[in-house]
Amino acid sequence: MKFAFVSTMVGAPWGGSEVLWSSTCRQLASDGHKVAVAYPKRPILPKTLQEIEKDFSLKVLECSNQLSLTQKIANVVRRKLNTYLPMKKERDWLKNFSPDLLCISSGNATEGAAWMKLAVEENINYVTIAQAHAEFLWPSDQDAVTLAGLFSQAKRCFFVSHGNLSLVETQLGTSLSNSEVISNHSAAFGEANTPWPANDDGLWRLACVGRLHPASKGQDILFEVLSQPHWRTRPILISLYGEGPQEKCLKSLVARDKLQGLVRFCGHVSDVEEIWRNNHALVLPSRYEGLPLALVEALMCARMAIVTDVAGNSEVVQHGITGFIAEAPAVKSMARALEEAWEARNSWKEMGLKAQTSIRQQLPRDPSSILAKKLIELASY
């Protein structure tokens, strides 16, 4: 069969949201199906896509349909869909490949609207994968009707958390009867056995893993909590792992608030288990999410997590048992959760082991194989 994969991830060169569709694409190609890939144009094609090109002798279509900064700002103000973008190259690519099924993976639930519209016009069956969404992304009434129609015509609307599915249904004022919640994480950590790090120096180490993008990841919230006098004197070290567009700004905040002794920047680390060999817990003060890979990976490596109650976080973390949940992505809420976690710090190891058992029972070991089977079934009728 023929499967086309499209990512609309324009916010970053590559991210956790790309794991599911790219590994599923590789799975289908390895099983003998024909695949095609379209990805937003970048100065350098991400390494994973370079490997797919090489391994399966295909050429990734580099899409030109990215919004300029002015268009992005205008769309936020007007709350307009990006369906006006010219897509001649993309249309020709889709018609020439003529897939049995088009899989549209989007950073947020609605940014794949242009591709959905194109698939409808060309009478091509499609599914959507919504990797994240946010409460501030309310569409206008007109766009809500358009989006509801596009989602309803999909063979399946996949979401990576029940929280995001519910949020999208609320924003569209409808129920998506063709929706389904799936997992997005790497199969590599299904049997992780990461040793508990020593703290011979008395330091309790927390990792904040994610893109340096406070609008979504909320690192500024964490910094404001740490600026409180009682945190400055505690034996704690926060390590930020990741890169992103606000790295300079976040480093400036750390310098401004004199947090250099509490916070360090470690850049991107590809070996996830290395992170957890050196840290006792995860802290993730996100403003919005899907179901963060960083969270799933931490739990699978037997580390408890301190998170905000957004998207799917509370679906995999039990407050006081496998971690701590801040009621909202706000300083006071995060401060309460961190304080409660600090008081229970001698139980972090035990909580992490409970988290590992829980997440392994809750999530499948290999989500891409499961999605590949679902796509084959959906393309067959």
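A brief report on the enclosed structure follows. Here the structure is a predicted model, which is why all the values come from computation and not from measurement. (Residues numbered from 1 in each chain as written. Predicted model: local features only at pLDDT ≥ 70, side-chain atom pairs only at ≥ 80, totals over all residues. Heavy atoms only, no water.)

**Concerning the side chain of Q171**
Inspection of the secondary structure puts Q171 in helix α7 (residues 162–172). Overall, Q171 belongs to the buried group, its relative accessible area being 6%. Polar contacts involving the side chain of Q171 include one to the side chain of H133, which spans 2.6 Å. Looking at Q171, its side chain comes within polar contact range of the main-chain oxygen of E135, at 3.3 Å. Those residues in contact with Q171 that lie beyond four places of it in its chain are H133, A134, E135, L137, W138, P139 and A144. (Helix = DSSP H or I, 4+ residues; strand = E, 2+ residues; numbered from the N terminus. Buried < 20%, exposed > 50% of the residue type's maximum accessible area, 1.4 Å probe, protein only. Polar contact = N/O pair within 3.5 Å; in protein donor to acceptor, adjacent residues only side chain to side chain. Contact = heavy atoms within 4.5 Å.)

**Focus: the packing of helix α1 (residues 18–30) against helix α17 (residues 367–379)**
Packing of α1 against α17 brings their axes to within 8 Å, and their N-to-C directions diverge by 65 degrees. By the angle class used here, α1 and α17 are roughly perpendicular. The crossing of α1 and α17 is right-handed. Between α1 and α17, the residues in contact are L20, S23, T24, Q27 and L28 and P367, S368, S369, L371, A372, L375 and I376, respectively. Per-class residue counts for the contact of α1 with α17 are seven nonpolar, five polar and no charged. (Axes fitted to C-alpha atoms, helices over the stretch in contact; angles between N-to-C directions. Parallel < 35°, antiparallel > 145°, perpendicular 65-115°, else oblique. Left-handed = near helix turned anticlockwise from the far one by under 90°. Nonpolar A, V, L, I, M, F, W, Y, C, P; charged D, E, K, R; others polar.)

**Here we look at the packing of helix α9 (residues 219–226) against helix α15 (residues 331–343)**
Interhelical geometry of α9 versus α15 gives an angle of 65 degrees and a closest axis separation of 9 Å. For the pair α9 and α15, the crossing hand works out as right-handed. Where α9 approaches α15, its residues I221, L222, E224 and V225 are matched on the opposing element by V331, M334, A335 and L338.

**Regarding the pattern of salt bridges**
All chains considered together, the criterion is met by 17 salt bridges. A salt bridge links R205 to D201; the shortest N-O distance between them is 2.6 Å. For R205, a relative accessible area of 17% puts it in the buried group. Assessed through its relative accessible area of 47%, D201 is described here as partly exposed. In this structure, R336 engages E327 in a salt bridge whose closest nitrogen and oxygen atoms are separated by 3.7 Å. By relative accessible area, R336 is classed as partly exposed at 46%. When salt bridges with common partners are traced through the structure, they connect R91, K117, E121 and E122 into a single cluster. (Salt bridge = Lys/Arg side-chain N within 4 Å of Asp/Glu carboxyl O.)

**Observations regarding the side chain of H33**
Along the chain, H33 falls in the loop between α1 and β2 (34–40). A distance of 3.1 Å separates the side chain of H33 from the backbone nitrogen of M1, its partner in a polar contact. Apart from residues lying up to four places away in sequence, H33 is in contact with M1, F3, L28 and I376.

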